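Architecture and fold: a report
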Amino acid sequence: MSDITRKNTIREKVDVCVIGAGHAGCEAALACARLGLDTVMFTVSVDSIALMPCNPNVGGSSKGHLVRELDALGGEMGKNIDKTFIQSKMLNVSKGPAVHSLRAQADKAEYSRAMRKVLEKQDNLTIRQCEVCEIITDADNLEDSSQSELNINSNVKQRIVGVRTFTGAVYECKAVVICSGTYLKARCLCGEAITYTGPNGLMAANYITESLEKHGVKLRRFKTGTPARMDARSIDFDKMEEQFGDKKVVPFSFSTNPDDVQIDQVSCYLTYTNEKTHEIIKANLDRSPIYAGIIEGTGPRYCPSIEDKVVKFADKERHQVFLEPEGLHTSEWYVGGMSSSLPEDVQLAMYRTVPGLEHCKMVRNAYAIEYDCLCPMQLKPSLEIKNIDGLFSAGQFNGSSGYEEAAAQGLIAGINAAMQILGKEPLVLDRSEAYIGVLIDDLVTKDNREPYRMMTSRAEYRLLLRQDNADLRLRKYGHDVGLVDDATYNRCLRKQEIIDSEVSRMFETTVGAGKTVQEFLASKESAPIKKSTSFAELICRPELDYESIKDIDREREEVYKSYKIEELVDVNHSLTNVLLDIYNQININVKYDGYIKRQKQQVLAFKKMESRHIPEDLNYDDVPSLRLEARQKLIAFRPVSIGQASRISGVSPADVSVLLIYLDSLLKK
Amino acid sequence: MSKTIAAIATGMTGAGIGIVRISGDHAIAVADKIFEAKSGIKLSDAKTHTIHYGHIVSDGQVLDEVLVSVMKGPHSYTGEDTAEINCHGGLFVVKKVLDAVLTHGAELAEPGEFTKRAFLNGKIDLSKAEAVMDLIASNSDFALKNSLKSLGGNVSNEIKGLREKILYEIAFIESALDDPEHFDLTGYPDDLKVKIQDIVTRIDKLISNAGSGKILKDGVSTVIVGKPNAGKSSFLNLLLGEDKAIVTDTAGTTRDIIEESVRLDDIVLNIIDTAGIRDTDDEIEKIGVDKARKYAADADLVLYMVDSSIPLDENDDDIIEMLHDKKTIVLLNKTDLETVTSKDDLRNILGDVYIINISAKENIGLDEFKDVVKTIFYNGDLNYNEDVIITNVRQINELRECLSSLKLVINSIDDGMPEDFYSIDLQNAYVHLGYIIGEEISDDVADEIFSKFCMGK
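All of these numbers come straight from a predicted model, not from anything done at the bench. (Residues numbered from 1 in each chain as written. Chains lettered and ligands numbered in written order. Predicted model: local features only at pLDDT ≥ 70, side-chain atom pairs only at ≥ 80, totals over all residues.)

Right, let's get into the overall build of chain B. Within chain B, the regular secondary structure consists of 15 helices and 13 strands. Out of the 457 residues belonging to chain B, those deemed buried represent 45%. If you take every contact in chain B between residues at least 6 apart in sequence, the share linking residues at least 24 apart comes to 67%. (Helix = DSSP H or I, 4+ residues; strand = E, 2+ residues; numbered from the N terminus. Buried ≥ 20, exposed ≤ 12 C-beta atoms within 10 Å, placed from the backbone. Contact = placed C-beta atoms within 7 Å.)

Encoded structure:
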C-alpha cells in the first residue's frame, strides 16, 4: 500500500497489540495488561476512547446480563458505568428473575473520560494514536512493507508476528486483538449525502481490510445506524411521559458498594410516533439509501431503523420513542427508537410529527454506517482466527452490535490472547454457563447475516444464567485466569456455601401445625398448614419468603453464627447488603426449585453433546451418508464438538446422528 | 476393516425357512468353510448376487440342505460382503448352522448391528433404520402396514404439526420478552392454556391409540377361562391346529399356563390357556387358578368357555365377576351335545356380549369366532385407517415425556408464574416430540434404536 511507510525505523517489541479503543478494545487491552503482558492499544483518536457513538446507555434486556458477567470475570465496563450513570433501572421486574436486567443511562462524556483514566493508570498498557494498516505474519517478509505480492490462501496456517502502522512503525508482538468496530472502510449515509468516515465524523480505517484479505481472512459488509440528537431547549417534555429511575439502584459491578450508587437521577421521556410520522416515511422511502439499494451492508433486524419498523409492522399505529439525555453537561438528547438513514429534510419533518418534538432542532442528524467485518466461520470459540495463530478479534468486527456485546468479546479475546502467550488453556464459556458463552457460540457457529444483538431468547438456559448470580457462576473463571483476586474469589465461595447450606436446610427442616406456626401464617395472611410442612414449601407460597419466615425458623440465628457472615463484610459490602444478596439467592433457589432442576436436566443433555469432541483432523469426506451441504459446512466450520456441529445452519439432525455413530465406530476400532 | 458378524436374520419364529446372515470382510470366506456346493464352486470365486445350492457341513456332519446367496459390498444390505444361508430344517437346525458359522470365524452380531452397519455405510438413513427394525419386530400385517405408514411419514406429519404449534408459542413468548413493545402478553396465559390443552388432547389420543397399535403389533393378549373340562384346551388346539395343551377327560389337567400365538388373518392373538376355575383344595391347582384370575385381569380379551351340557354354578359366578369391564367372547361349547345352558341364560346374566356356539370336537363355530374377533378389533374403538398409530415403545415414551412437560406448563399457568417460566417446559415438550421424528438428537437415541430389536437384520 503505502510507500511513505518505508523509511520509518521505529521498531518496537511488545506482547500484545490491540487495534481499536472502543468497548471491546478497552476490555481486551486492560485484560492483557492486567495479566502482566506488555500491551499497546491503537486508536485513530485518543479523544474517542470508549466512545458511545449511539445510545447513551449501558445494559438493557439481556445486555445487562453481559455486563454483570463481564464484571464477574474481571472486566471494567460494569465498574465504569457505576461511576458515570445518571439513571438506572432494573427492567422486567414484573417477570421472573431470569429476565430481570439492569439498564443505566450514561453520561457519555464522563463514561469515556472515566475509562480513559483507568487505561492511563494501568501498568503495562500504552495508548498509541495511529492507524494500524497491516498485520504481519510469519508468511510475510518483515522488511517488505508493501505486501503487494502477498496472496495467502485461507487454508494456510500462519502465525502473527506484528503490525505496521500508517506511519510505517512496526510493532512486533505475540498476539493481536482486532477491535476495529465500525471503522473498517466505514461509510456514513444520510439520504443522498455520503461521507467516507467512521462514526461521528471520525477517521475511517481504510487499509487493514486489504492486509487481512491478503492473509486469507474473509471479510464482509454490515450496516447499522443511529438516530438524531436534539437540542433539549427545543423539546417540549410536557407532552411526553416522564420515565424515572429506580428508587433503589442496583449497581452493575459486584465490587461496587450499593450504597454509593444511590444518587440523584435524571429522567428520560417516552413519546410515540403516529400516522403522520408514518406517512412522511412511506412517502419518502425512495430516498432512503436502503430502499433505494445504495446500502450494501446488512442491517440488524432487532435494532431496526424507524423506516424498517414502519414497513415491517405496517399495521402498528405507533411506535415508542424514548428521549434520553446524552449527559449532564450537554443539552443534546438522543431520540431512541428513531434511527434512520433518510435524507436530513425528511428526518426533520418526520421527527417534528412526534408529540413533544414539534419544534425540535437537530444537533446531529441520524445516519446509517456501513463497515467491513469478519465472516464468522473463521473464528474459534476462543475468538482466535483459525488460520492465523495469535490473531484474535472482538466486537463489531466479529459481526455483533452493541457496546455490551463488544466489551464481553473484548474481554474474552484479551484473556485468550494472554492465555496463549502464557501457555495456558483458552477460556471458553459454553451456552449453559453464561450469556457470553451464548453470544460467542452464536457468533462463531451461526452464519449470521446481520449484526448480532444479544437477546434474552437466545439463551436456552436463562433461568440458570441470571444477572443476580453472575458472580457465583463466573468468579471462578475470572480467578483461574488471574483477573479476580483471591479475596474476592474466596468471598464468592463462602457466599455459595452459605446459600447451598441454607437452601438444603429449608428443604430438610419442617414445622408442625402447631399454634405458633398457624398464628404466624395468619399474621402473613397465609393459609394454615394441615400437616408438618417444610420451610421450602412455605417459601414457595407467593405471600411468604425466606426472610419473612424467620419468626418460625428457630435455628436460624444459631446457624448464621456458624456461617460467620461478618467475614464477608468489607468496605464495599455492608452486612445489610451481604445479607440481602444471600437472602435473594436463597429465595430464588427455593421458590423456583422445580424449574431450576428441570433446566439443569436440559443442561446435562446439552453438556453431553458438547463433551462429544470431534477430532480436529477428522476427514469429513470419510464420513458416509453426510449430505453435501452438511459436509461443506462442517469442513468450513470444523466444529469442536457434536454439540457445536448440531448448531451449524445447514447441518441437519440426521447429519448429526450420522456423525455421532461414525465417531462411535472410530472409537471402537 | 470390519469384523465379520453373523446372526439369524429371520427372527426366532417357527417358520420353516430361516436365514443365517454373515456380513463383513470375511463373510464369504467363513461361509466357504462350512458350505459344500453341489456344483463344486467356491463361494469366494462366485460372482456377486448369485445363489448356490449345497450342504452345510460341520465337523464332518451334514447339518442342512441350503441355498447360499453371495452379495459383495457395497451392493448388499449392510454395504459389506454378505453371505446368506437359507436353511430349511426349522429353528433347531438354523441355530446349529449359526453355531457352525460362529465357530468358523464370525462373531455373533449385536442386536441391530446389521442395520447399524447399513446405516454407517450410507445404505439407509436413521429414520428408515428405525422403521426397518419396527417392520421386523412387527407381528401382524396391520403392524406392518403401520410401520410402512411411519416410513411414509404419517407419524412425522402428526408430530411435526404438534411441534409447530408448540414452537409458535415458544417463539411468541420469546418475542414478547425481547420486544415487549410489539408483542403484548396481556391475556396470553389463558389463551395458551386452551391451546396447550388441545395439544394435550391430541397427544393423549396418540398414546391411547398407541395401546391399540401395540395390540396389533405385538398381538392381543388373550386369556381363556372356564370351569375345568369345559373344553378350553381343546378349543386352543383347534385354533392352533396341533396338540400342544395336555387334553384329557380328567377335570383339572391343565395346571401350567400355556401361551400360544394364533394368527387370524391380520390379528395375532397371544392366548393363555388357564387352569379351570373351581373351588379347589388341591394346592398346585389352586396356584393355577390364582394365576388365571391374574391373567384375566391383565388381558385385552377374555374368552369364556362354557360347557353348554351342564348348568351354571357358583364357579361360573366367580368367573363372571372376573369378566367385569373386559372385552369378552363367550364360547358355548359342546353344542353337539344336549344343551342345558343356553345363549339366553348367559345373556340374562352377562348382558350384551358376543356369544358363539362352538363344538371343539366337531369343528363348529371357528369361522364365526374369527369374524367376531375382527369385529371387536377393527370396528370397535379402533379405526386404524384414519388414526395415526404409534407402536414404537421409544416413541410412546417420548410422547409421555412431552405430555408431562405440557402438563407442567398448565401448572405454571394455573400457579400464575410469569410467562418466561413456560418456556422451560414448552422447550422440553418440543424436544421430546423432536426425538420421535429424529429432528432432535440425543446421544443415546441412535444407540437405543440399534440395540432394542431382535438379533436379525
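Now that the structure is up, let's keep going.
Quick look at the overall build of chain A now. Looking only at helices and strands, chain A features 20 helices and 24 strands. Computed over its C-alpha atoms, the radius of gyration of chain A comes to 27 Å, within 12% of the 26 Å expected for a compact globule of 669 residues. When the 669 residues of chain A are sorted by exposure, 50% land in the buried category. In chain A, the share of contacts with a sequence separation of at least 24, taken over all contacts with a separation of at least 6, comes to 75%. (Rg over C-alpha atoms; globule rule 2.2 N^0.38 Å.)

Residue and element names in this part refer to chain A. Across the 8 residues of strand β18 (residues 332-339), 6 count as buried, placing the element largely inside the fold. In the sheet, strand β14 (residues 219-231) pairs with β18 via 4 bridges, with the strands oriented antiparallel. Residue pairing in the sheet places proline 227 in a bridge with serine 339 of β18. As paired strands, strand β17 (residues 320-325) and β18 are joined by 4 bridges and run antiparallel to one another. Directly across from proline 325, in β18, lies its bridge partner tryptophan 333. The loop that links β17 with its antiparallel partner β18 comprises 6 residues. (Pairing = 2+ DSSP bridges.)

The subject of this paragraph is the nonpolar core. Counting residues in each nonpolar core, the largest one holds 174 residues, and the members touching the most others are Ala28(A), Val176(A) and Val177(A). With 11 residues, helix α9 (residues 403-421) of chain A is the largest single contributor of residues to this core. Not counting residues within four places of it along the chain, the set of residues in contact with Ala28(A) comprises Val18(A), Val177(A), Cys179(A), Ala394(A), Gly410(A), Leu411(A), Ala413(A) and Gly414(A). Counting 52 residues, the second-largest nonpolar core is a separate cluster that includes Val623(A), Leu63(B), Tyr77(B) and Ala83(B). (Core = buried A, V, L, I, M, F, W, Y, C linked by C-beta atoms within 7 Å.)

Turning next to the environment of Glu440(B). Mapped onto the elements of the fold, Glu440(B) is located in the loop between α14 (422-437) and α15 (443-451). The exposure class assigned to Glu440(B) is partly exposed, which follows from the 19 C-beta atoms found within 10 Å. As for Glu440(B) and Tyr430(B), which are separated by 10 residues in sequence, their C-alpha atoms are 9.1 Å apart. Not counting residues within four places of it along the chain, the set of residues in contact with Glu440(B) comprises Pro653(A), Val431(B), Gly434(B) and Tyr435(B).

This part is about the interface of chain B and chain A. The partner chain A presents 30 residues to the 25 residues of chain B that form the contact. Where the side of chain B that touches chain A is concerned, the elements lending two or more residues are α3 (113-120), α6 (154-178), α14 and α15 of chain B. For the side of chain B that touches chain A, the per-class residue count stands at 9 nonpolar, 6 polar and 10 charged. (Nonpolar A, V, L, I, M, F, W, Y, C, P; charged D, E, K, R; others polar.)

Pairing between the strands of a sheet is mediated by backbone hydrogen bonds and can be parallel or antiparallel. All names here are of chain A. Taken in spatial order, the 5 strands line up as β7-β3-β2-β11-β22 in an open sheet, and their pairing is parallel. Edge positions in the sheet fall to β7 (125-129) and β22 (391-393), since each has one partner strand and no second. Strand-to-strand, the axes of this sheet are offset by a mean angle of 20°, without reference to chain direction. One ladder, built from 5 bridges, connects strand β3 (residues 39-43) with β7; its direction is parallel. Within the sheet, the bridge partner assigned to phenylalanine 42 lies in β7 and is arginine 128. In the packing of α9 onto the sheet, contacts are made with β2 (16-19), β11 (175-178) and β22, and the angle to β11 comes to roughly 170°. (Axes fitted to C-alpha atoms, helices over the stretch in contact; angles between N-to-C directions.)

Moving on: the packing of helix α2 (residues 63-73) of chain A against α9(A). Residue and element names in this part refer to chain A. Following both chains from N to C, one finds α2 and α9 inclined at 25°, their axes separated by 9 Å at the closest point. Viewed along their axes, α2 and α9 adopt a mutual orientation that is roughly parallel. Note that α2 runs across α9; the crossing there is left-handed. Across the interface between the two elements, Lys63, Leu66, Val67, Glu69, Leu70 and Leu73 of α2 pack against Glu404, Glu405, Ala407, Ala408 and Leu411 of α9. Its residues assigned to classes, the contact of α2 with α9 comprises 7 nonpolar, no polar and 4 charged. (Parallel < 35°, antiparallel > 145°, perpendicular 65-115°, else oblique. Left-handed = near helix turned anticlockwise from the far one by under 90°.)

Right, let's get into unusual backbone geometry. Of note, the amide linkage connecting Gly73(B) to Pro74(B) takes the cis form, showing an omega dihedral of 0°. In the Ramachandran plot, Ala50(A) falls in the positive-phi region, its phi being about 50° despite a non-glycine side chain. Along the chain, Ala50(A) turns up in the loop between β3 and β4 (57-59).

For the rest of this paragraph, the subject is helix α6 (residues 275-283) of chain A. Residues and elements named next belong to chain A. The complete set of buried residues in α6 reads Thr277, His278 and Ile281. Each buried residue of α6 sits inside an arc of 95° when the element is viewed along its axis, so together they form one side. α6 presents Glu275 and Ala283 as exposed residues on the side facing more than 90 degrees away from its buried surface. Taken together, the buried residues of α6 touch α7 (306-312) and α8 (344-351). (Arc of directions from axis to C-beta.)

It is common to report an interface's size as the accessible area lost on association of the parts. Residues and elements named next belong to chain A. Splitting chain A by domain gives domain 1 (3-224 + 371-473), domain 2 (225-369), domain 3 (485-597) and domain 4 (612-668). Just the C-alpha atoms count here: the centres of domain 1 and domain 3 sit 41 Å apart. Between domain 1 and domain 3, the contact holds 7 residues from the first and 8 residues from the second. Split by residue class, the side of domain 1 that touches domain 3 holds 4 nonpolar, 1 polar and 2 charged. (Domains from an automatic or database assignment.)

Now for the packing of helix α17 (residues 593-610) of chain A against α14(B). As a packed pair, α17(A) and α14(B) sit with axes 10 Å apart at the nearest point and diverge in direction by 40°. Crossing of α17(A) over α14(B) shows left-handed handedness. Seen from α17(A), the contacting residues are Tyr595(A), Arg598(A) and Gln599(A); seen from α14(B), they are Ile424(B), Asp425(B) and Asn428(B). Looking at the contact of α17(A) with α14(B), its residues break down into 2 nonpolar, 2 polar and 2 charged.

Residue and element names in this part refer to chain A. Tracing the backbone shows leucine 150 in the loop between β8 (132-137) and β9 (158-165). For leucine 150, a count of 18 C-beta atoms within 10 Å translates into the label partly exposed. Contacts of leucine 150, omitting those with residues within four sequence positions, involve Asp140 and Lys214.

This part covers the environment of Tyr435(A). Residue and element names in this part refer to chain A. Among the secondary structure elements, tyrosine 435 is positioned in helix α10 (residues 435-445). Between the C-alpha atoms of tyrosine 435 and glutamate 69, which are 366 residues apart in sequence, the distance is 7.7 Å. When sequence neighbours within four positions are dropped, the list of residues in contact with tyrosine 435 reads Ser62, His65, Leu66, Glu69, Met454, Ala459 and Leu465.

Residue and element names in this part refer to chain B. The pairing of strand β3 (residues 35-37) with strand β4 (residues 50-58) spans 3 bridges and is antiparallel. Counted as the bridge partner of glutamate 36 is histidine 55 from β4. Across 9 bridges, β4 lies against strand β5 (residues 61-71) in antiparallel orientation. From the neighbouring strand, histidine 52 faces β5, where its bridge partner is valine 68. What sits between β4 and β5 in their antiparallel hairpin is a turn of 2 residues, with aspartate 59 showing a positive phi close to 50°.

Looking now at the confidence of the model for chain B. Detailed reading of the predicted model is not advised wherever pLDDT is low. Residue and element names in this part refer to chain B. Averaged over every residue, the pLDDT of chain B is 77; residues scoring 70 or more account for 74%. The low-confidence segment residues 242-255, where pLDDT is below 50, has 31 contacts with residues more than four positions distant or belonging to other chains. This stretch, residues 452-457, has a pLDDT under 50; its non-local contacts, to residues over four places away or in other chains, come to 25 contacts. Across the whole predicted complex the pTM is 0.79, and at the interface the ipTM reaches 0.87. (pLDDT = per-residue confidence, 0-100.)

Further remarks concern the sheet that holds β3(B). Residue and element names in this part refer to chain B. Taken in spatial order, the 7 strands make up an open sheet running β3-β4-β5-β6-β2-β1-β7, and their pairing is mixed. With one partner strand each, in any of the chains shown, β3 and β7 (107-108) form the two edges of the open sheet. Those strands touched by helix α1 (residues 27-34) are β2 (18-23), β3, β4, β5 and β6 (82-87), and its axis lies near 35° from that of β6.

What follows deals with α10(A). Residue and element names in this part refer to chain A. Across the 11 residues that make up α10, a large majority, 10, are buried. Listed in full, the buried residues belonging to α10 are Tyr435, Ile436, Gly437, Val438, Leu439, Ile440, Asp441, Leu443, Val444 and Thr445. Summarising the contacts, the buried residues of α10 are in contact with α2, α9, α18 (628-637) and α19 (642-647).

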